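For reference, the chains in residue letters:
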Amino acid sequence: QVQLVESGGGLVQAGGSLRLSCTASGGTIRNYPMGWFRQAPGKERDLVAAISGSGMGVYHEDSLNDRFTISRDNVENRVYLQMNSLKPEDTAVYYCAAHSGPRFLAKVRADYDYWGQGTQVTVSS
């Protein structure tokens with residue numbers, strides 16, 4: 001059973017940067033497509049970015065305008081989300097998730113089988 005733990009969240013001023021990490025234990029995520037989601041209060045949990053098992057395929061939500069970048073280190077069993085030029089509307093709990101099925105990239109929340117507990121990101125204006 002894979003366990004995912006996010007870290008790197010916190011309070012940052014608008015325009016700042018944060019790097020979120022997702023560390024897996026209990027198994028390797030080497031072959032698993034991974035994703036980062038976020039959920040603001042009163043809103044749905046939405047996909048932010050996704051990456052294939054090898055890291056060769058990536059997807060980022062268009063609305064982010066290239067401010068966020070997903071990456072992974074399969075040796076370290078980690079996935080990252082670099083967030084730049086942060087805005088107050090980026091405030092949310094950020095979750096990483098793993099897809100253990102056959103998809104190359106998983107872009108739908110229902111495709112994900114394992115979830116972390118989330119890390120809070122707060123961007124002040």
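Here goes a summary of the coordinates provided.

Analysis parameters
- Residues numbered from 1 in each chain as written.
- Predicted model: local features only at pLDDT ≥ 70, side-chain atom pairs only at ≥ 80, totals over all residues.
- Heavy atoms only, no water.
- Helix = DSSP H or I, 4+ residues; strand = E, 2+ residues; numbered from the N terminus.
- Rg over C-alpha atoms; globule rule 2.2 N^0.38 Å.
- Buried < 20%, exposed > 50% of the residue type's maximum accessible area, 1.4 Å probe, protein only.
- Contact = heavy atoms within 4.5 Å.
- Areas by Shrake-Rupley, 256 points an atom, 1.4 Å probe, with all protein chains shown as cover.
- Lys, Arg positive; Asp, Glu negative; His and termini not counted.
- Charge placed at Lys NZ, Arg CZ, Asp CG, Glu CD.
- 1 Å grid on protein atoms, 1.4 Å probe; cavity = no way out; pocket = protein on both sides within 12 Å on 5 of 7 lines; lining within 4 Å.
- Points joined across faces, edges and corners; volume = space filled by probe spheres on them.
- Nonpolar A, V, L, I, M, F, W, Y, C, P; charged D, E, K, R; others polar.
- Disulfide = S-S within 2.5 Å.
- Core = buried A, V, L, I, M, F, W, Y, C linked by side-chain atoms within 4.5 Å.

## Quick word on the overall build of the chain
Secondary structure summary: the chain contains zero helices and 11 strands in total. The order of α-helices and β-strands along the chain, N terminus first, is β-β-β-β-β-β-β-β-β-β-β. For the chain, whose C-alpha radius of gyration is 13 Å, the value lies close to the compact-globule estimate of 14 Å for 125 residues. The principal-axis extent of the C-alpha atoms belonging to the chain is close to 40 × 25 × 25 Å. Across the 125 residues in the chain, those meeting the buried criterion constitute 43%. Restricting the contact set of the chain to residue pairs at least 6 apart, pairs at least 24 apart contribute 59%. Looking at the chain as shown, the accessible area adds up to about 6,300 Å², and 46% of this sits on carbon and sulfur atoms. Of the charged side chains in the chain, 12 are positive and 12 negative; the average position of the first set lies 2 Å away from that of the second.

## Structural notes on the layout of surface pockets
Quantified by volume, the largest pocket comes out at close to 250 Å³. As for the largest pocket, its lining consists of 15 residues, of which R38, A40, K43, D46 and E89 are closest to the centre. Listed by contribution, the elements that provide at least two residues to the lining of the largest pocket are β4 (34-39) and β5 (45-51). Per-element tally for the lining of the largest pocket: the top contributor is β5, with three residues. The residue inventory of the lining of the largest pocket, partitioned by class, reads six nonpolar, three polar and six charged.

## As for the state of the cysteines
Enumeration over the complete set of coordinates arrives at one disulfide. One disulfide in the model links C22 with C96; its S-S distance is 2.0 Å. Judged by the torsion about the S-S bond (50 degrees), the C22/C96 disulfide is right-handed. Remark: C96 occurs in strand β9 (residues 92-98) and C22 occurs in strand β3 (residues 18-25); sequence separation between them is 74 residues. Taken individually, C22 and C96 each receive the classification buried, so the pair is uniform in this respect.

## Structural notes on the environment of S124
Inspection of the secondary structure puts S124 in strand β11 (residues 119-124). A relative accessible area of 26% places S124 in the partly exposed class. Here the alpha-carbon distance between S124 and A49, two residues 75 residues apart in the chain, equals 23 Å. Discounting chain neighbours no more than four positions away, the residues touching S124 are L11, V12, Q13, A14 and P88.

## As for the side chain of N77
Residue placement: N77 occurs in the loop between β7 (68-73) and β8 (78-83). If sequence neighbours within four positions are ignored, N77 has contacts with C22, T23, A24, G27, T28, I29 and R30.

## Remarks on the nonpolar core
One finds L4, W36, L81, M83 and Y94 to be the most contacted residues of the largest nonpolar core, which totals 27 residues. Within the residue set of this core, elements represented by two or more residues are β3, β4, β5, β7, β8, β9 and β11. Discounting residues that sit within four places of it in the chain, L4 has contacts with C22, T23, A24, I29, M34, C96, A97, A98, Y114, W115, G116 and Q117. Counting residues in each nonpolar core, the second largest holds seven residues, with A97, L105, A106 and Y112 among its members.

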